[in-house]
Amino acid sequence: MSEKDEIAVPKPLTPEEQAVWDAKAKVRVLLNLWDLSGGKMKVKKGELTKRIVRTNETSQRYLEVLGELQATGAIEYSLVNRVTLVELTAKGKEVLADGLKSKDSLFEFDGSQIGTRLGNSLLKWIRHQDGAASVRVEKGKGDVGTIASYDDFKAVALDVYDSLNRDYNLDDLVPIYRMRRAIGERVGRSQFNEWLLEMQATDLIQLIGGEMTDISADKAEDSIKTALGAIRYYVKRLNS
């Protein structure tokens, strides 16, 4: 083997360099997990690993980082049908927010170029935070998170629809389960169903059935079943 054909061995990191790498890696892991899950769903550990492991890295390098995130309660693992799932917790969202906006944060993009996927994930996070801030400002006082009326729900639902449709290129067919999870605990399950059906009755949206290629029991449960027992999986916004 000639000298130019020799494979370069990565230089070991100093303790200080390792600490910086770990801090950056934690934010990248949480940001990618948030993007994959929409902040609500559990994702397969294998899918997360594919997203976070970069060129010339191995998954082994992230074992300690993932372990620390689990130990601090930022992520949680569960086993379903022999598949390991990862969930971003409320604590994890706080850690992610602090890591992205804190002046003391060590997070920054490495190198001269930003990966498209990670850059888009960051854009989605910023848009999400801007939307959440707008809702907080509009509510003003009282229970900020709770949606107390149909008119409030209608405004939030249409905003969530537009955001998901735009950010995930859903071609005007937004899964109901994604809207339900994006709105979260701000409205009860039965109230969500009732108000979404009311939006259809007033020709604001159309609820569509058909097939969902990646359907699962939890996604079906978070969709809507009509009075006749048919399941509606998607929302399509109608022109006003």
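Residues numbered from 1 in each chain as written. Predicted model: local features only at pLDDT ≥ 70, side-chain atom pairs only at ≥ 80, totals over all residues. Heavy atoms only, no water.

Please explain helix 6 (residues 150-167) as it appears in this structure.
Over its 18 residues, helix 6 extends 25 Å from the first C-alpha to the last, a length consistent with the 26 Å expected when each residue adds 1.5 Å. Looking at helix 6, one finds that the buried residues are Tyr150, Phe153, Val156, Ala157, Leu158, Val160, Tyr161, Leu164, Asn165 and Asp167. (Helix = DSSP H or I, 4+ residues; strand = E, 2+ residues; numbered from the N terminus. Expected span 1.5 Å × (residues − 1). Buried < 20%, exposed > 50% of the residue type's maximum accessible area, 1.4 Å probe, protein only.)

Would you mind showing me how to read the packing of aromatic side chains here?
Each aromatic ring pair is described using two quantities: the centre-to-centre distance and the angle formed by the ring planes. All told, the structure shown has two aromatic pairs when counted by the stated rule. Look at phenylalanine 153 and phenylalanine 192: their rings are 5.6 Å apart centre to centre, the planes differ by 90 degrees, and that puts the pair in the edge-to-face class. Remark: phenylalanine 192 occurs in helix 8 (residues 189-201) and phenylalanine 153 occurs in helix 6; sequence separation between them is 39 residues. For phenylalanine 192, a relative accessible area of 1% corresponds to the buried category. Residues phenylalanine 153 and tryptophan 195 carry aromatic rings whose centres are separated by 5.5 Å and whose planes lie at 40 degrees to one another, so their mutual orientation is tilted. Taken together, the residues phenylalanine 153 in helix 6 and tryptophan 195 in helix 8 connect sequence positions 42 residues apart. A single burial state applies to phenylalanine 153 and to tryptophan 195, both of which are buried. Members of the aromatic cluster, joined through ring pairs, are Phe153, Phe192 and Trp195. A cation sits over an aromatic face here: arginine 178 above tyrosine 168, 4.2 Å from the ring centre. (Phe/Tyr/Trp six-rings, centres within 6.5 Å; stacked < 30°, edge-to-face > 60°. Lys NZ or Arg CZ within 6 Å of the ring centre and 35° of its normal.)

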